[in-house]
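Examining the three-dimensional arrangement
One letter stands for each residue in the lines below.
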Amino acid sequence: MIKNDVDITPELIAEHGLKPDEYQRILDLIGRTPTLTELGIFSAMWNEHCSYKSSKKWLRTLPTEGPRVIEGPGENAGVVDIDDGDVVVFKMESHNHPSFISPYEGAATGVGGILRDVFTMGARPVAAMNALRFGAPENERTRHIVSGVVEGVGGYGNCFGVPTIGGEVNFDARYNDNCLVNAFAAGLAKADGIFLSEAKGVGLPIVYLGSKTGRDGIHGATMASAEFDDDSEEKRPTVQIGDPFSEKLLLEATLELMQTGAVIAIQDMGAAGLTCSAVEMGAKGNLGVRLDLDQVPCREEGMTAYEMMLSESQERMLMVLDPNKEEEAAAVFKKWDLDFAIVGETTDDQRFKVYRHKELMADLPINDLGDEAPEYDRPWVPSPKLDPIAPSDVPAPADLGQALLQLVSLPDMCSRRWVWEQYDNLIQGNTIAGPGGDAAVIRVGEEGKGLAFSLDVTPRYCEADPVEGGKQAVAECWRNITAVGAEPLAATDNLNFGNPEKPEIMGQFVGCIEGIGEACLALDMPIVSGNVSLYNETNGQAILPTPAIGGVGLLPDVTKRIGKSFVAEGETIILIGTHTGHLGQSIYQRDIVGKTAGAPPKVDLAAEKKHGDFVRNAIRGGRVTAVHDISDGGLLVAVAEMGMSGKIGATLTPSKDIPLHAWAFGEDQACYVVTVPTDGANALLKEAKTAGIPTQVIGTTGGSELTVEGVSPISLADLDAAHEGWLPKYMSAPDTH
Amino acid sequence: MKSAVIVFPGSNRERDMLYALEHISGHKPIAVWHQETSLPDVDLIVLPGGFSYGDYLRTGAIAGLSPIMKAVKEKAAKGVRVLGVCNGFQILTETGILPGALLRNAHLKFVCKQVRLEVATNASVFTSRYTQGQVIDCPVAHHDGNYFADEDTLNRLEGEDRVAFRYTPETNPNGSIRNIAGVMNDQKNVLGMMPHPENLIEPAQGGTDGRGIFESALEWVA
């Protein structure tokens, strides 16, 4: 009989983040009072982060299948076919709470965790990106967090050896006390070389590989499932410490081990460490697992079963190995100098039994730990709809040129060079287009193909209208991938929201999911993996709803990809799409006028598809020389960015049908700016007309200034100085925190 | 032309280097694990970039004590060509095969960007394919690339024509003294450099300016 030497009090239950009814569920399931270790295991398995108890109902509504999808959600990462027997394996995951408490370590281990998810499946990581969201620049902590997070992302990825080739950086007061760090990683494997976590076979050794287990990160996943308050900084011990060098060894050892044929099942130890990985392997294989914790390599002496089961020490793997290949496996472990130990075996009793000092510390029904986790249909209210605001109702600037200069230098709009130069974005030698473009591109293998990656979401749209905002996040990601000439294949989502127990927040979540689902379906971009991060609130103030979408696209011929830079003087600039000058929720309205009013732009998914397919065909046919989509800041900002990056100016003729500032800064969707050699302009316009695509010739490239007819010209040098200047200047001020 | 690439735990640009060597020479280089004590008979030995042993303690410090380094030293003394790139350069200065040291970047941050390099001498087996004073593109990616040596050493290096590459003054990414990006030993058969020529050898990578180093070093030695 299992011994229970700690009194399980209501306070202890609450400290484990379990609600009274959830505890009752435990009692009903096991028919007795749990031990402290068992309580810890339940709290690890049933917290929001691991169980998706508030989100599951809605996640099921997302499209997850498609002709190219090999593994959808449920494994460590999604797997998508990219022809020639190759697959891309990718996922995005948040490390928000740890990064706020300890920016460097939180961000570093976020990167480490997602890389591990990818190589656990047998894929070598080839690209990383991050979506980072920080508080207002004037907030006293922001500089400190930006500096630590960026250094942490670089510190881990650079040493591990994966190119960090893209991402997002944004600032908003709503992230003042709750930054977002969403890390994306993608890897390459062969379709027949994918490894899963499902254990197969009874009486097989369960092997622990990697770093030793310490007391760091205990209850990390529970922390990540709670709101913050003023004492959150005291939670620092729940943040894990990363060691990218160990992870690099673990990567090489894991891939080498897989080559020997010894690996039957494999699962990395991420959130809730040993508990989650062991339960997952056993439950997926409908087997039992017996663990002998005395065999687990420990960093500190005297660790209890409770601590070992909940430790989130990094760079650890659990696997089921073929006992006939033990010798080959041992040779690999030895070569890479990694700790390994047989810590248990698979059993046929579907129980999860944990021993410490020969004593049984936990004995639980393994399937129920996952299957019987609570699931909630939380009450929700839809966000109130906002009326559209007419362009003429948004004040025009006194000077359009000055407004443009101001726009390109805004914290949310300026160059992120300061960030990406701290990331090794060239390692592996396959970077075709690094950070700063619409989508990053790497080449793949010998066949000349390539992959494009982009991370996107516009949180202010999501807050103003969750359904349209959800759609827009997917549409913009799809558009960015299209704009380099790639075909978008699939996506991963990282859904960051506030407290789901509040109906308004749950309403944002439900709305965004609806929009994301609709857009993924319409644009053939299924969600193959993802992560939900709820309770992003501090003292009752929620973050902006931030469902980040990470998309992957395929270029059959990577040499056909193009960028956003103007490439030659005297080319015709054409706007593709319907541009109405939508200023509601625009950057111009928010940051120049100082208001957030009106509905965000509508996303017409049919138009997105039609316009995007047209642009992609034009790129692949070599008929356009540069492409940039219209997004934050609008048309004039898009053209300015093309000019700055190509070091070639432009002369533009504004539309007479809408107010000048709406033409310049409206953020209509499904729009692209393309350039065409002048002798090819008529052909492209004709082709578009035949296809029913709206187009407008808006100007010509050339010179060293950006000239809008009727407005004084602005030199590219001034634009560049404004665009490049803000972030380095901001970051070089003394850290006051 | 045979070449070998030494692999330390934590090396992470060894695959880039193996690819570049094979792509340019047409021959597969040999990867040599750091625990080996002898080297195959090759014409060029490369210490690749990365974070050997996590660069904990000090960049290149522990790798310098790896068993294979004794063999590398012996080969270098016999005149075999040795190229150390980034972490490889750090290991070469750590072991005293090359003079000077690589300090933390002056701005204290990791830096990854394209810089411009001036070929300070083309009178060497590593730079013969370039013209004297030619300015080439080359990427850098490091945290500790700030070259330093005392005045006497620097004067001697310059006097003996042993500075292979300099950053153009406006692109010096790390504060290196006298803009030095790469130096050679006294026999000029060992080159250490911080920039990564192996990442700029094909048009798809944005240029081919890095090829010259390999084409020079891989030239058949009679």
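Overview of the overall build of chain B
When helices and strands are tallied, chain B shows five helices and 11 strands. Relative to the globule expectation of 17 Å for 222 residues, the C-alpha radius of gyration of chain B, 16 Å, shows essentially globular dimensions. Its C-alpha atoms put chain B at 40 × 35 × 35 Å along the principal axes. Taking all 222 residues of chain B together, 62% fall into the buried category. A separation threshold of at least 6 residues defines the contact pool for chain B, and within that pool the share at least 24 residues apart is 74%. Total accessible area computed for chain B in this model is approximately 8,300 Å², and 50% of it derives from carbon and sulfur atoms. One finds the centroid of the 21 positive side-chain charges in chain B at a distance of 2 Å from the centroid of its 25 negative side-chain charges.

As for the sheet that holds strand β4 (residues 81–85) of chain B
Residues and elements named next belong to chain B. Read from one edge of the open sheet, nine strands run β2-β1-β3-β4-β11-β10-β9-β6-β7, paired in mixed fashion. At either end of the open sheet lies a strand with only one pairing partner, and these are β2 (30–33) and β7 (135–142). Ignoring which end each strand starts from, the neighbouring axes of this sheet average 25 degrees apart. As paired strands, strand β6 (residues 111–119) and strand β9 (residues 163–167) are joined by three bridges and run antiparallel to one another. Each bridged residue has a counterpart across the sheet, and for Glu118 the counterpart in β9 is Arg166.

Structural notes on the packing of aromatic side chains
All names here are of chain A. Taken as a whole and assessed by the stated rule, the structure comprises 17 aromatic pairs over all chains. Here Phe134 and Phe171 contribute two aromatic rings whose centre-to-centre distance is 6.0 Å and whose plane-to-plane angle is 40 degrees, an arrangement assigned as tilted. Of this pair, Phe134 sits in strand β4 (residues 124–134) while Phe171 is found in strand β5 (residues 164–171), placing the two residues 37 residues apart along the sequence. Residue Phe171 is classed as buried on the basis of its relative accessible area of 5%. Each member of the aromatic cluster is reached from another via a ring pair, and the members are Phe134, Phe171, Trp726 and Tyr730. Between the NZ or CZ atom of Lys57 and the centre of the ring of Trp58, over which it lies, the distance is 5.0 Å. Over the ring of Tyr730 we find Arg143, and its NZ or CZ is 4.3 Å from the ring centre.

Regarding the pattern of salt bridges
Residue and element names in this part refer to chain A. Enumeration according to the criterion identifies 59 salt bridges over all chains in this entry. With its nearest N and O atoms 3.3 Å apart, the salt bridge here joins Lys19 to Glu501. Taken as a pair, Lys19 in the loop between α1 (10–15) and α2 (20–30) and Glu501 in the loop between β17 (487–496) and α19 (503–522) lie far apart in primary sequence, 482 residues in all. With a closest N to O distance of 3.2 Å, Asp629 and Arg479 form a salt bridge. Within this pair, whereas Asp629 is found in strand β23 (residues 626–629), its partner Arg479 is found in helix α18 (residues 466–482), the two being separated by 150 residues in sequence. There is no split in this pair, since Asp629 and Arg479 are both buried. The network of salt bridges with shared partners includes Asp84, Asp86, Lys190 and Lys449.

Description of the interface of chain A and chain B
At the interface, 25 residues of chain A touch 25 residues of chain B. The contact between chain A and chain B buries some 2,200 Å² in all, and 56% of this surface belongs to carbon and sulfur atoms. Counting the surface chain A buries against chain B, the share from its top three residues, Phe245(A), Glu421(A) and Arg443(A), is 25%. At the junction of chain A with chain B, the criterion picks out two salt bridges. Applying the counting rule to chain A against chain B returns nine residue pairs in polar contact (both at pLDDT 80 or more). For the side of chain A that touches chain B, the elements supplying multiple residues, two or more each, are α8 (142–160), α10 (244–259) and β14 (431–433) of chain A. Among the elements that take part in the side of chain A that touches chain B, α10(A) stands out by supplying four residues, more than any other.

Description of unusual backbone geometry
All names here are of chain A. At Gln350, a position not held by glycine, the phi torsion is positive, near 55 degrees. Its location among the elements puts Gln350 in the loop between β11 (339–347) and β12 (351–356). Assessed through its relative accessible area of 31%, Gln350 is described here as partly exposed.

Some points on the sheet that holds β11(A)
Residues and elements named next belong to chain A. Spatial ordering of the open sheet is given by β8-β10-β7-β11-β9-β12-β13, a layout of seven strands whose pairing is mixed. In the strand order of this sheet, the two ends are held by β8 (263–268) and β13 (359–365), each with one partner. Put simply, the sheet's adjacent strands are angled 20 degrees from each other on average, direction ignored. On top of the sheet, helix α13 (residues 326–335) reaches β7 (205–210), β10 (316–321) and β11; it is set at about 145 degrees to β11, its chief contact.

Side note on a nonpolar patch on the surface
All names here are of chain B. Where nonpolar side chains cluster on the molecular surface, the patch consists of Tyr56, Leu57 and Ile62 and spans about 310 Å² of accessible area. By secondary structure assignment, the location of Leu57 is in the loop between β3 (44–47) and α2 (68–77). Residue classification places Leu57 among the exposed residues on the basis of a relative accessible area of 73%.

Some thoughts on the pairing of β12(A)
Residues and elements named next belong to chain A. Here β12 shows one buried face, formed by Phe352, Val354 and Arg356, and one open face, formed by Arg351, Lys353 and Tyr355. Here strand β9 (residues 288–292) runs beside β12; their pairing, made up of four bridges, is parallel. By the bridge assignment for β12, Val289 is matched with Phe352. As consecutive antiparallel partners, β12 and β13 are separated by two residues, and within that stretch His357 has a phi angle of approximately 50 degrees, a positive value.

Let's talk about the environment of Asp339(A)
All names here are of chain A. Mapped onto the elements, Asp339 comes out in strand β11. When its relative accessible area of 28% is taken as the criterion, Asp339 is described as partly exposed. Spatially, the C-alpha atom of Asp339 lies 5.4 Å from that of Gly210, the residues being 129 residues apart in sequence. Polar side-chain contacts of Asp339 include one of 2.7 Å to the side chain of Lys212.

What about the confidence of the model for chain B?
When pLDDT is averaged along chain B, the result is 96, and 99% of the positions lie at 70 or above. Among the prediction metrics, the complex's ipTM stands at 0.96, with pTM recorded as 0.96.

Describing the pairing of strand β21 (residues 546–555) of chain A
Residue and element names in this part refer to chain A. Of all 10 residues in β21, 10 are buried; the element is thus mostly enclosed. Residues Thr546, Ala548, Gly550, Val552 and Leu554 point to one face of β21 and Pro547, Ile549, Gly551, Gly553 and Leu555 to the other, with burial holding for every one of them. Pairing of β17 with β21, which is carried by nine bridges, proceeds in the antiparallel orientation. Bridge assignment links Asn494 to a residue of β21, and that residue is Ala548.

Here we look at the nonpolar core
Membership of the largest hydrophobic core comes to 129 residues, with the highest contact counts inside it found for Leu83(B) and Phe165(B). Top element by residues in this core is α10(A). It accounts for eight residues. Ala473(A), Leu555(A), Ile576(A) and Val603(A) belong to the second-largest nonpolar core, a separate cluster that totals 83 residues.

Here we look at the side chain of Arg356(A)
All names here are of chain A. For Arg356, the location among the structural elements is in strand β12. With relative accessibility at 12%, the residue Arg356 sits in the buried group. Here the side chain of Arg356 touches Asp294 through a polar contact of 3.0 Å, side chain to side chain. Residues within four places of Arg356 in sequence aside, it is in contact with Leu293, Asp294, Met303, Ala305, Met308 and Met361.

Comments concerning helix α7 (residues 103–120) of chain A
Residue and element names in this part refer to chain A. The terminal C-alpha atoms of α7 lie 26 Å apart, and with 18 residues this matches the ideal 26 Å at 1.5 Å per residue to within 8%. The element α7 is extensively covered by neighbouring structure, given that 17 of its 18 residues are classed as buried. Two residues or fewer past α7, Gly122 is found with a positive phi of approximately 95 degrees.

As for the environment of Ala128(A)
All names here are of chain A. Along the chain, the position of Ala128 falls in strand β4. C-alpha of Ala128 to C-alpha of Lys609: the two residues are 481 residues apart in sequence and 27 Å apart in space. Ignoring anything within four residues of it in the chain, the contact list for Ala128 reads Val162, Pro163, Thr164, Ile165, Gly166, Phe184 and Ala185.

The rules we used
- Residues numbered from 1 in each chain as written.
- Chains lettered and ligands numbered in written order.
- Predicted model: local features only at pLDDT ≥ 70, side-chain atom pairs only at ≥ 80, totals over all residues.
- Heavy atoms only, no water.
- Helix = DSSP H or I, 4+ residues; strand = E, 2+ residues; numbered from the N terminus.
- Rg over C-alpha atoms; globule rule 2.2 N^0.38 Å.
- Buried < 20%, exposed > 50% of the residue type's maximum accessible area, 1.4 Å probe, protein only.
- Contact = heavy atoms within 4.5 Å.
- Areas by Shrake-Rupley, 256 points an atom, 1.4 Å probe, with all protein chains shown as cover.
- Lys, Arg positive; Asp, Glu negative; His and termini not counted.
- Charge placed at Lys NZ, Arg CZ, Asp CG, Glu CD.
- Pairing = 2+ DSSP bridges.
- Axes fitted to C-alpha atoms, helices over the stretch in contact; angles between N-to-C directions.
- Phe/Tyr/Trp six-rings, centres within 6.5 Å; stacked < 30°, edge-to-face > 60°.
- Lys NZ or Arg CZ within 6 Å of the ring centre and 35° of its normal.
- Salt bridge = Lys/Arg side-chain N within 4 Å of Asp/Glu carboxyl O.
- Buried area = accessible area lost by both parts, 1.4 Å probe.
- Polar contact = N/O pair within 3.5 Å; in protein donor to acceptor, adjacent residues only side chain to side chain.
- Patch = residues over 30% accessible without salt bridge, like charges linked within 9 Å, V, L, I, M, F, W, Y side chains within 5 Å.
- pLDDT = per-residue confidence, 0-100.
- Core = buried A, V, L, I, M, F, W, Y, C linked by side-chain atoms within 4.5 Å.
- Expected span 1.5 Å × (residues − 1).

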